[in-house]
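Below, each chain spelled out in residue letters.
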Amino acid sequence: MIRFLQSCALLLSITLLSASALAAEWAGTVKAMNGTVQVERNGQQSPLSVGDKLYPLDKVITARDSHVAITLRDDTLISGSANTQLVINEFAFNPSTQNGGVVISVVKGIAAFVSGLVAKSSPTAMRVTTPTATLGIRGTEFIVDLGN
Amino acid sequence: MANLKHCVPWLALSLLAACANEKIVLLPDKDGKVGRVDVITKGGTTELSKAYSVASVGGGAPRQSNQEEIQSRYGAVLDGLPPRPQRIELNFEFGSDRLTPQSKALVPGVLKLLKDFPAPEVVVIGYTDAVGDSAFNDKLSLERAQRIRDLLISAGIPKDVIQVVGRGEREPQVPTRPGVPEPRNRRVVIKLR
């Protein structure tokens, strides 16, 4: 019985641990926006505001005459123009070692980037993808214009 | 024949769509250095390594543009980038969590910077010099960081966006032998993003 309780407690603490780890694993924060900016998360769309956190697999969608500015946890800066869609495909960052991996997709529109600590840590650690290309980011500032 | 006439505009349109497409522009960094972006497609890799060079995906060699052209086309999206992350350093008196007079004088400016920063996220990291044992220095470095955190909270920065770390005598600004007092190592680094 004690065994059983012990293993229950262990399981519970593991679950709690991973839940708190997950809660901490946000990828970035909305620093500025205007117009209508939505996030698509788990198939549901909801409006974003300044200060909101973004998570891996989030898709950020700006409407006409809208704009969004996002800072990722590794200091990567992103500016999304109007009619733009971006997905944070992967984000991992260890602030102590400054290692990690970042993959952002630009699905539509125009976005400007300033790469951060992950790209600095290794030339293969950050990628930006478009519908037809993959960008290997050695640094630092660049624009992706999908022309649509 | 009538069919063919119909086709011409469609053909032109689809060609346009195929060419209009994806462009990648490399810009100089804030400090004037130029990085590098490799544009990888099925057809091969195009390397962008010059400021204001533009790769048209699938369109051969990159084209050289210039600051004026890029600014007029992309000025809005570039101006829309979030503010650059900042790093601020404050120094402390020997063996204490009191700021030096010089650093104390910087505090109002630091607080203003933080208050004006959109949705600030702050990491406050305390350090010591190599005088005293490491357990004492771990504690002192954390106290220094906490002292600064309290200052930020009293200035209205939300508590939950501030992370506090004490690094003791690790990562000295100026490496010294154990026991050597070094004012530049008695510090708190505020990372703001």
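The model shown is predicted, which means the values in this text are computed figures rather than measured ones.

Glancing now at the overall build of chain B. When helices and strands are counted, chain B shows four helices and nine strands. Ordered by position in the sequence, the α and β elements of chain B form the string α-β-β-β-β-β-α-β-α-β-α-β-β. A burial count over chain B gives 36% of its 193 residues as buried. Within chain B, counting contacts between residues at least 6 apart in sequence, those at least 24 apart form 62% of the total. Looking at chain B as shown, the accessible area adds up to about 11300 Å², and 57% of this sits on carbon and sulfur atoms.

This paragraph deals with unusual backbone geometry. All names here are of chain A. For the peptide bond that leads from Gly139 to Thr140, omega is -25 degrees, which places it in the cis range. For Thr140, the location among the structural elements is in the loop between strand S12 (134-139) and strand S13 (141-145). Phi is positive for Leu57, which is not a glycine, with a value near 80 degrees. Take Leu57: its relative accessible area is 62%, and that puts it in the exposed class. Its identity as a non-glycine residue notwithstanding, Asn83 has a phi of 50 degrees, on the positive side. With respect to the element layout, Asn83 can be found in the loop between strand S7 (77-80) and strand S8 (85-93).

What follows covers the interface of chain A and chain B. Counting from both sides, the interface comprises 42 residues of chain A and, opposite them, 36 residues of chain B. Between chain A and chain B the total buried area reaches about 3000 Å² when both faces are included, carbon and sulfur atoms providing 56% of it. Per-residue buried area on chain A facing chain B is highest for Lys31(A), Glu141(A) and Ile143(A); these three make up 25% of the total on that side. Linking Arg84(B) and Glu141(A) is a salt bridge whose minimum nitrogen-to-oxygen distance equals 3.0 Å. The interface formed by chain A and chain B includes 22 residue pairs in polar contact (both at pLDDT 80 or more). It is S12(A) that provides the largest number of residues to the side of chain A that touches chain B, a total of six residues.

Let's shift gears to the confidence of the model for chain B. Residues and elements named next belong to chain B. For chain B, the average pLDDT comes to 91, and 90% of its residues sit at 70 or higher. No element of chain B has a lower mean pLDDT than helix H1 (residues 2-19), at 48, and none a higher one than strand S9 (residues 187-192), at 98. Long-range and interchain partners of residues 12-20, a stretch whose pLDDT sits below 50, account for one contact in this model, where long-range means more than four residues apart. This complex was scored by the predictor with a pTM of 0.85 and an ipTM of 0.85.

This brings us to helix H2 (residues 67-79) of chain B. All names here are of chain B. For H2, built from 13 residues, the straight-helix expectation of 18 Å at 1.5 Å per residue is missed by more than 12%, its first-to-last C-alpha distance being only 14 Å. Of the residues making up H2, those classed as buried are Ile70, Tyr74, Gly75, Val77 and Leu78. A distance of 3.2 Å separates the backbone nitrogen of Glu68 from a side-chain oxygen at the start of H2, and that oxygen is part of Asn66.

Cut-offs and rules
Along each chain, numbering runs from 1 in the same order as the chain's sequence is written. Each chain takes a letter, starting from A, and each ligand takes a number, starting from 1, following the order in which they are written. Local features in a predicted model are, by the rule used here, given only for residues with pLDDT of at least 70; side-chain atom pairs are given and counted only at 80 or more, and totals for whole chains, interfaces and linings are based on all residues. Values reported for side chains reflect all heavy atoms of the structure, with hydrogen atoms and water molecules removed beforehand. Strands here mean DSSP runs of E at least two residues long; helices mean DSSP runs of H or I at least four residues long; both are numbered from the N terminus. Burial here depends on accessible area, computed with a 1.4 Å probe over protein chains only, as a share of the maximum for the residue type. Under 20% is buried, over 50% is exposed, and the range in between is partly exposed. Any two residues whose heavy atoms approach within 4.5 Å at even a single point are treated as in contact. Surface accessibility follows the Shrake-Rupley procedure with a 1.4 Å probe radius. Residue values consider only the protein chains on display as shielding. Each of two parts loses accessible area, computed with a 1.4 Å probe, when they are put together; buried area is these two losses added. We define a salt bridge as a side-chain nitrogen of Lys or Arg found within 4 Å of a carboxyl oxygen belonging to Asp or Glu. Counting of polar contacts relies on pairs of N or O atoms within 3.5 Å, with two restrictions inside protein: one atom must be capable of donating a hydrogen and the other of accepting it, and residues adjacent in sequence are counted only when both atoms are side-chain atoms. The predictor rates its confidence in each residue with pLDDT, a number between 0 and 100. Working rule for helices: expected span equals 1.5 Å times residues minus one.

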